[in-house]
Amino acid sequence: MQKITVAKGDGIGPEIMNATLSILKAAKARITYEEIEFGEKVYLSGNTSGIQKSAWDSIRKNKVFLKAPITTPQGGGYKSLNVTMRKALGLYANVRPCKSFHPFVATKHPQMDVVIIRENEEDLYAGIEHQQTDEVVQCLKLITRPGCEKIVRYAFEYAKLYKRKKISCLTKDNIMKHTDGLFHQVFKEIATEYPDIEADNWIVDIGAAKLADTPEDFDVVVLPNLYGDVVSDITAQISGSVGLAGSANIGESCAMFEAIHGSAPAIAGQNIANPSGLLRAAVMMLNHIGQQDVAEVIKNAWSSTIEDGIHTPDIYKSDVSLQRVGTQEFAQAVIDRIGLKPKQLNVAEYAKNVRLDIPKYTRKKQSNKMLKGVDVFVDWKGEDANLLATSLRQFNSDIKLTMITNRGVKVWPEGFEETFCTDHWRCRYEVENGHPAEKSSIPALLNHAIEAGVDVIKTENLYEFDGQRGYSLGQGQ
Ligand code: NAD
């Protein structure tokens, strides 16, 4: 018996969780569960995190968490519990299989069978945001080598285990050469270790468009957090219904399984929600904990129910469905089919699958890091960059003012008349020769700026790593 943690959540959460638990019980899943209070009730009791300490303790002790959707109350101050869970528990991989069930569930993409593997902790979701001037706010996009290696290796190991043929990596490294460039670089490196799996890369905009148009051309897709968030919802939706897809959030120690949809408050309490997304998440959970036999039984019974045209209202279509049923009746229909196998849909065969354990990240040899200068960001309400340059060029040491940009575009020396400028200016100081810059030049430069009345809001050091430039050039430079 494996003990898991369960949260029934809000809105339709309790209905779909009860349906799912009844099917797990009927299929003789070897689990017991501990229920925790989680979500709206906890938020509204004054706990802005939406989760109590005892609930954290249960999840960390049991390490496997089956979670129904929750409602995040409107208004400021409430933190997204989903993002908190993923990051606090180190659930780095979000795995979302999106398959169509043609001809039993209406879809424009009858052949699609895509697994989206989304990085779950980094990127713009690091949540590091600042207002820096009256006109400018920023969000820091953090991409790390350990983060990229873990998610990309997970994707390749997943493809190997589930006998998938191809992995596509979606990035925007034509623009973000360092952040998305690192993700793509790690993808290329790790792909060489898996010669039997085809690997390709798409720029995310055209890749997402192709995925939405011809999903049957894709197999496994791995991508950074934000693109993954957007693309995985599109992929789930075009497979038939958001009510059908489940997802796994996998970490080194804990794992969380949930439907991809929210708490659908408008249809709560009416016994019409589709429990399939949460049930399919529970099937992923059973695979994760080594109960492939039970996972197979449930998946086959579910597929048989769908094939028999027994459908909840979200997927009911008079030309393909035979019986419109409620949440409980659907669950009972699945229970009645335990032991049956689908006739047309794929028969689930999970028996040989095992839980994926990715080796721990080992830190690489330290590179030779050389300081080459500093970007000094200033809040300045003027318009003529020449005036700003005149005041900042007075400072002389081993680093010299070489460029000013506004929103990344070079405005000094020799900008374009048409460039619109905000009150947020990046002033780049660099060494003139190949030598390293003196670190003490940076505080000296800042002191000079203070004396000259320049409002410095932040700095970024410019480094070379093993002779490779570790910062982007200005647009137009
Ligand atoms: P939603 O996913 O709850 O609903 C979107 C649409 O899909 C609605 O029309 C809904 O009726 C329908 N739908 C969703 N699940 C269904 C199901 N199982 N069966 C039939 N129809 C279903 O998204 P929303 O309306 O944007 O969000 C509602 C609440 O859920 C919000 O408070 C939001 O913060 C929360 N939410 C939670 C999670 C989560 O806990 N993982 C995820 C997304 C949204």
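Here the structure is shown first, and the text comes after it.
Reading the values: the criteria
Residues numbered from 1 in each chain as written. Predicted model: local features only at pLDDT ≥ 70, side-chain atom pairs only at ≥ 80, totals over all residues. Heavy atoms only, no water. Helix = DSSP H or I, 4+ residues; strand = E, 2+ residues; numbered from the N terminus. Buried < 20%, exposed > 50% of the residue type's maximum accessible area, 1.4 Å probe, protein only. Areas by Shrake-Rupley, 256 points an atom, 1.4 Å probe, with all protein chains shown as cover. Lys, Arg positive; Asp, Glu negative; His and termini not counted. Charge placed at Lys NZ, Arg CZ, Asp CG, Glu CD. Near = heavy atom within 4 Å. Polar contact = N/O pair within 3.5 Å; in protein donor to acceptor, adjacent residues only side chain to side chain. Phe/Tyr/Trp six-rings, centres within 6.5 Å; stacked < 30°, edge-to-face > 60°. Salt bridge = Lys/Arg side-chain N within 4 Å of Asp/Glu carboxyl O. Pairing = 2+ DSSP bridges. Core = buried A, V, L, I, M, F, W, Y, C linked by side-chain atoms within 4.5 Å. Contact = heavy atoms within 4.5 Å. Axes fitted to C-alpha atoms, helices over the stretch in contact; angles between N-to-C directions. Parallel < 35°, antiparallel > 145°, perpendicular 65-115°, else oblique. Left-handed = near helix turned anticlockwise from the far one by under 90°. Nonpolar A, V, L, I, M, F, W, Y, C, P; charged D, E, K, R; others polar.

Draft legend 1. Spatial organisation of the overall build of the protein chain. Per the secondary structure count, the protein chain includes 13 helices and 20 strands. Based on the C-alpha atoms only, the size of the protein chain along its principal axes is roughly 80 × 55 × 45 Å. Residues counted as buried form 52% of the 477 residues belonging to the protein chain. As displayed, the protein chain has an accessible area near 22,300 Å², and 51% of this comes from carbon and sulfur atoms. Charge separation in the protein chain, taken as the distance between the mean sites of 56 positive and 60 negative side-chain charges, equals 7 Å.

Draft legend 2. Main features of the site of the ligand. In the region of the ligand, 18 residues are neighbours, and Ile70, Gly262, Ser263, Ala264 and Asn274 sit closest. A distance of 3.0 Å separates an oxygen atom of the ligand from a polar backbone atom of Ile70. In the environment of the ligand, a nitrogen atom lies 3.3 Å from a nitrogen or oxygen atom belonging to the side chain of Glu258.

Draft legend 3. Fine view of the packing of aromatic side chains. Tallied over the entire structure, the rule returns ten aromatic pairs. For the pair Tyr158 and Tyr162, a centre-to-centre distance of 4.5 Å together with 25° between the ring planes defines the contact as stacked. Using a relative accessible area of 8% as the deciding quantity, one classes Tyr158 as buried. Ring geometry for Trp202 versus Phe218: centroids 5.6 Å apart, planes at 45°, classification tilted.

Draft legend 4. Main features of the pattern of salt bridges. Under the defined criterion, the tally for this structure stands at 30 salt bridges. In this structure, Asp379 engages Lys381 in a salt bridge whose closest nitrogen and oxygen atoms are separated by 3.0 Å. Look at Lys381 and you get exposed, because its relative accessible area is 52%. A single network of salt bridges, built from pairs that share partners, joins Asp134, Asp379, Lys381 and Asp423.

Draft legend 5. Just the pairing of strand E3 (residues 64-67), in detail. Judged by which residues are buried, E3 turns out to be covered on both faces: Val64 and Leu66 on one side and Phe65 and Lys67 on the other are all buried. As defined by bridge partners, strand E1 (residues 2-7) adjoins E3 across three bridges and the pair is classed as parallel. Along E3, the bridge assignment pairs Thr5 with Phe65. With four bridges connecting them, E3 and strand E12 (residues 255-259) associate as parallel partners. Paired with Lys67 across the two strands is Glu258, which belongs to E12.

Draft legend 6. Geometry of the nonpolar core. Leu66, Ile117, Tyr154 and Phe257 are the most contacted members of the largest nonpolar core, which has 78 residues in total. The greatest single-element share of this core, amounting to nine residues, is contributed by helix H5 (residues 145-161). Val378, Val411, Cys427 and Tyr429 belong to the second largest nonpolar core, which has 24 residues in total.

Draft legend 7. Looking closely at the environment of Ile315. Here Ile315 is to be found in the loop between strand E13 (310-311) and strand E14 (323-324). C-alpha separation for the pair Ile315 and Arg426, spaced 111 residues apart in sequence, amounts to 53 Å. Residue contacts for Ile315: discarding those within four places in its chain leaves Val105, Ser241, Leu244, Asn274, Ile306 and Ser321.

Draft legend 8. Representation of the environment of Leu356 within the structure. Looking at where Leu356 falls in the secondary structure, it is placed in the loop between helix H11 (327-336) and strand E15 (369-379). Once residues within four sequence positions are removed from consideration, Leu356 is found in contact with Tyr154, Glu157, Tyr158 and Leu161.

Draft legend 9. Focus on the packing of helix H1 (residues 13-26) against H11. As a packed pair, H1 and H11 sit with axes 9 Å apart at the nearest point and diverge in direction by 15°. The orientation of H1 with respect to H11, classified from their angle, is roughly parallel. As H1 packs across H11, the resulting crossing turns out to be right-handed. Contact residues: H1 offers Glu15, Ile16, Ala19, Ser22, Ile23 and Ala26, while H11 offers Thr327, Ala331, Val334 and Ile335.

Draft legend 10. Examining the packing of H5 against helix H6 (residues 179-191) more closely. Between H5 and H6, whose axes approach to 9 Å, the crossing angle comes to 45°. Relative to H6, H5 is oriented oblique. Seen along the crossing, H5 lies across H6 with a hand that is right-handed. Contacts from Arg145, Cys148, Glu149, Ile151, Val152, Arg153 and Phe156 of H5 reach H6 at Leu182, Phe183, Gln185, Val186, Phe187, Glu189, Ile190 and Ala191. Residues that form the contact of H5 with H6 fall into these classes: ten nonpolar, one polar and four charged.

Draft legend 11. Here's a closer look at the sheet that holds strand E16 (residues 399-406). Reading across from one edge, E17-E16-E18-E15-E19-E20 is the order of the six strands in this open sheet, with antiparallel pairing throughout. This sheet does not close on itself; its edge strands, each paired only once, are strand E17 (409-412) and strand E20 (468-469). In this sheet, E17 lies alongside E16 in antiparallel orientation, the contact comprising three bridges. The partner of Asn406 across the bridge, within E17, is Val409. Set on the sheet, helix H12 (residues 385-393) makes contact with E15, E16, E17 and strand E18 (424-431); between it and E16 the angle comes to about 155°. Running over the sheet, helix H13 (residues 441-451) touches E15, E16, E18 and strand E19 (455-465) and is turned about 15° from E15.

Draft legend 12. Region of interest: the sheet that holds strand E5 (residues 113-119). Sheet architecture is open: ten strands sit in the order E2-E1-E3-E12-E11-E4-E5-E10-E8-E9, paired in mixed fashion. At either end of the open sheet lies a strand with only one pairing partner, and these are strand E2 (31-35) and strand E9 (198-203). This sheet shows a mean twist of 25° between the axes of neighbouring strands, independent of strand direction. The sheet contact formed by E5 and strand E10 (residues 220-223) spans four bridges and is parallel. In the sheet register, Val115 faces E10, and the bridge partner there is Val220. Seen against the sheet, H5 touches strand E4 (93-99), E5, strand E8 (166-171), E9, E10 and strand E11 (246-250) and runs at an angle of roughly 160° to E5.

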